[in-house]
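Structural characterization, general
Spelled out, the chains give:
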Amino acid sequence: MEEDTGALPRKDNFSEWYNEVLWRAEIMDVRYPVKGLYVWYPHGFGIRKRAYGILRDLMDRDHDETMFPLLIPKTEFMKEAEHIKGFEDEVYWVTHGGTSELDVPLALRPTSETAIYPMYSLWIRSHTDLPLKLYQIVNTFRYETKHTRPLIRLREITSFKEAHTVHATWEEAAAQVEVALGLYKEFYDSLRVPVILSRRPGWDKFPGADYTIAVDTIMPDGKTLQIGTVHMLGDHFSRTYDITYEDANGERQYAYQTCYGISERSIAAVISVHGDDKGLVLPPEVAPVEVVIVPIIVGKRRDEVLTAASALKEDLQNAGFAVRLDDRDMRPGAKYYHWEMRGVPLRVEIGPRDIDANTVVAVTRSGKKIQLDRRGVVEGIFSILAEFGEELSVAARQAMADRITVAATLEETADAVKAGVAVVHWCGSQECAEKIEAAVDASILGSDIRSDLIAVSDGPCVACGGKGTSTLVARTY
RNA sequence: GGGGCAGUAGGGUAGCCUGGUCCAUCCUAGAGCGUUUGGGACGCUUUGACGGCAGUUCGAAUCUGCCCUGCCCCA
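Reading the values: the criteria
- Residues numbered from 1 in each chain as written.
- Chains lettered and ligands numbered in written order.
- Predicted model: local features only at pLDDT ≥ 70, side-chain atom pairs only at ≥ 80, totals over all residues.
- Heavy atoms only, no water.
- Near = heavy atom within 4 Å.
- Polar contact = N/O pair within 3.5 Å; in protein donor to acceptor, adjacent residues only side chain to side chain.
- Helix = DSSP H or I, 4+ residues; strand = E, 2+ residues; numbered from the N terminus.
- Buried < 20%, exposed > 50% of the residue type's maximum accessible area, 1.4 Å probe, protein only.
- Contact = heavy atoms within 4.5 Å.
- Pairing = 2+ DSSP bridges.
- Axes fitted to C-alpha atoms, helices over the stretch in contact; angles between N-to-C directions.
- Right-handed = clockwise from strand over helix to strand, strands pointing away.

Section: the protein's contact with RNA strand B
Close to RNA strand B lie 32 residues, the nearest being Arg-31, Asp-329, Arg-331, Arg-353 and Asp-354. Those atoms of RNA strand B that come within 4 Å of the protein belong to sugar or phosphate at a rate of 48%. Within the side chain of Arg-331, an N or O atom sits 2.8 Å from a phosphate oxygen of RNA strand B. A distance of 3.3 Å separates a base nitrogen of RNA strand B from a polar atom in the side chain of Glu-349. Of all the secondary-structure elements, those providing two or more residues to the surface near RNA strand B are helix H1 (14-24), helix H10 (332-341), strand E17 (346-350) and helix H11 (352-357). Considering every element that reaches the surface near RNA strand B, the biggest residue donor is H10, with 6 residues.

Structure below.
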C-alpha cells in the first residue's frame with residue numbers, strides 16, 4: 001500500500017492527478033478485477049466514515065434510518081413505466097438460484113423506489129402515519145456503459161444515502177424538498193465544498209419525478225460534478241404502488257412523495273476541491289487523522305523524545321482529536337511527505353529542542369508553522385484547526401467564483417465552459433437547449449439557480465432571443 | 001454504440017518491430033541486519049513478474065485469434 005516516493009502529477013493535469021492521488025493517498029484501489037467496481041482502502045474508508053457520520057447526524061434530526069433488500073422482484077420493478085424507461089438499460093438481473101432459473105427474475109436495485117414503495121403501501125393507512133421520512137445508506141448497482149471512474153461513475157455505488165418521504169399533500173412534499181436541500185447544503189458546508197443548486201430541465205429529471213433539483217460543484221478541470229439530487233415525485237409513485245391514506249374526513253387519498261440522494265461522489269468532491277500538488281488536503285471534520293505527531297528522534301535522547309511524544313498523544317486523544325503517533329524508523333522528512341499525501345490537516349513535531357523549551361512545533365497542511373507552548377497545546381490546536389477549516393472554505397469558494405462566467409452570446413458561452421460554468425439566459429425550450437449544447441459542446445444543467453455567487457436575472461435567450469432566464473451551462477462528469 | 005492504443009514483480013519500466021544468448025533489465029517499494037533521524041538516509045543480504053485461453057513453431061514476453069482489463073478519440 002505504500003506510495004512511491006516522488007512527485008504527484010500536478011493538479012492542473014486533473015485527470016492524472018485524480019487517479020494517482022486515489023491510490024497514493026490510499027483512498028481506492030482500482031485493481032479489483034471487475035470493471036466499475038473498486039475497493040476502499042482503510043484510509044479512504046475512514047474519510048467516508050467521518051463524512052457519512054456527519055450526513056447521518058443531519059438525517060437523524062428528522063428521519064429514521066432503515067434497510068431494505070438489495071433484490072427487487074421484476075414484477076414490482078416493472079410497474080412504473082417512466083421509471084423503468086430511465087433505468088432499464090442499466091439493471092443487473094439475477095436470473096438463477098443455483099442451477100435453476102428463477103420464476104421471477106430479481107433486479108439488483110439501481111435505486112430503491114420499487115423496493116420501498118410496495119412496503120409503504122402496507123405501512124401507510126391513516127393521515128396520522130404521515131409524514132413518513134426514512135432513509136438508508138446502501139449499495140446500488142448500475143450497469144454503466146460510459147466510462148467508469150472511481151467514486152464518480154461506478155457500477156456498484158457503495159455509499160448511496162437515499163431518503164424517501166411520504167406526505168399528505170403536494171405542498172408538504174414540496175416543502176420537504178426545501179428541507180432536504182437545506183440539509184444537503186449544510187452537509188457540504190461541513191465538507192467545505194461549495195455547491196450550486198438548480199432545477200434540472202424536464203428531460204434530465206429523475207425518471208418518474210415532477211421535478212428534480214440538483215446539487216453541483218465545480219471540479220478543478222472546470223467540469224461540474226452532480227453531488228446530490230432532490231426529487232419531487234408528486235403522486236406518480238403513490239398511484240402506481242397504491243400508497244394511500246384515510247384523511248380526517250375518512251376519505252382515501254393518494255399520498256405525495258419525495259426522494260433524495262447523495263453518494264460517494266461527495267468524497268470525490270472533497271478530494272478534488274481541496275487537494276493540491278502534494279496530495280490530499282482534508283478538512284479536519286472528515287480527516288481520519290486530524291493530527292499526526294512526528295517525534296524527532298536523536299540517538300542519545302531517543303527514549304526521552306518517545307516518552308514525551310506518547311504523553312502528547314494521550315493529551316490530544318483525551319481532548320477528542322483523531323491523533324496518530326508516527327514512531328516508525330524513518331527520516332522525519334519522509335514522514336512529512338507521507339502524511340501530506342494523505343491530507344492530514346496538522347502535523348505536530350516534538351524533539352529534544354522542544355522538550356528543553358517546553359514547546360511543540362505545529363505545521364498545517366497549508367504550510368503554516370506555529371510554535372505552541374506545551375501547556376496550552378490543546379487550546380492551540382483547537383484554534384489552528386478551526387482556522388484551517390475556515391481557510392479551506394474560503395479558498396474553495398474563491399476557486400468556484402473564479403470558474404463562473406456570465407455569458408451573453410454563444411461564443412462567450414463556448415469560451416466560458418472551457419474553464420468552468422457559464423451562466424446564460426435560456427428560454428426553456430428543448431429546441432434551444434439542443435442548439436446551445438451543440439454550439440458550445442456542453443450541457444444545460446438547469447435554471448432556478450440558487451447560489452450566492454450567481455445573480456439571477458431575466459433576459460433574451462442566447463439561442464432564439466426570446467424571453468429567457470438565468471441557466472447554468474457546463475461540461476459535466 | 002464506433003474507432004485507436006496498451007497490459008512484464010506491490011508501483012513504474014527495458015526487451016517485442018527482426019522468435020533462441022531472457023532460468024527477463026533498471027528504478028522504486030517489501031523482508032532481514034547494522035549505522036542513522038529538525039524536509040524524501042546509507043551499507044550489506046534477500047523475496048517477487050511476462051493479463052487469460054487457444055494457436056503457429058523444434059522453440060513464444062516477442063507472431064496470430066478470441067476473451068478480460070485499462071487509457072484515449074468520436075457518437
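There's more to say after this.
A short note on unusual backbone geometry
Omega for the peptide link from Leu-130 to Pro-131 comes to -5 degrees, which places this bond in the cis form. Examined against the element boundaries, Pro-131 turns out to sit in the loop between helix H5 (113-123) and strand E7 (132-141). Non-glycine residue Asp-242 carries a positive phi angle of around 60 degrees. Looking at Asp-242, the relative accessible area reads 35%, which means it is partly exposed. The phi angle at Asn-358 is positive, at roughly 60 degrees, despite the residue not being glycine. Tracing the backbone shows Asn-358 in the loop between H11 and strand E18 (359-364).

Re H10
Along H10, the residues classified as buried are Lys-335, Tyr-336, His-338, Trp-339, Glu-340 and Met-341. Contact partners of the buried residues in H10: H1, strand E15 (291-295), strand E16 (323-325) and E17. Two residues or fewer after H10 comes Gly-343, characterised by a positive phi angle close to 80 degrees.

What about the sheet that holds strand E6 (residues 100-108)?
Across the sheet, 3 strands lie side by side as E4-E6-E5; this open sheet has antiparallel pairing. Each having just a single partner strand, strand E4 (71-73) and strand E5 (93-97) make up the two edges of the open sheet. Averaged over all pairs of adjacent strands, the angle between their axes in this sheet comes to 45 degrees, without regard to strand direction. Note that E5 and E6 share 4 bridges and pair antiparallel. In the sheet register, His-96 faces E6, and the bridge partner there is Glu-101.

Thoughts on the pairing of E15
In terms of burial, E15 is a largely internal element, 5 of the 5 residues being buried. Side-chain alternation along E15 places Val-291, Ile-293 and Pro-295 on one buried face and Val-292 and Val-294 on a second face that is also buried. Across 3 bridges, E15 lies against E16 in parallel orientation. Within E16, the residue paired with Ile-293 across the bridge is Leu-325. Each parallel crossover has a hand, and the one from E15 via helix H9 (residues 302-318) to E16 is right-handed. Sheet analysis places E15 next to E17, joined by 5 bridges and oriented parallel. Residue Val-292 lies in a different strand from E17, and its bridge partner there is Arg-347.

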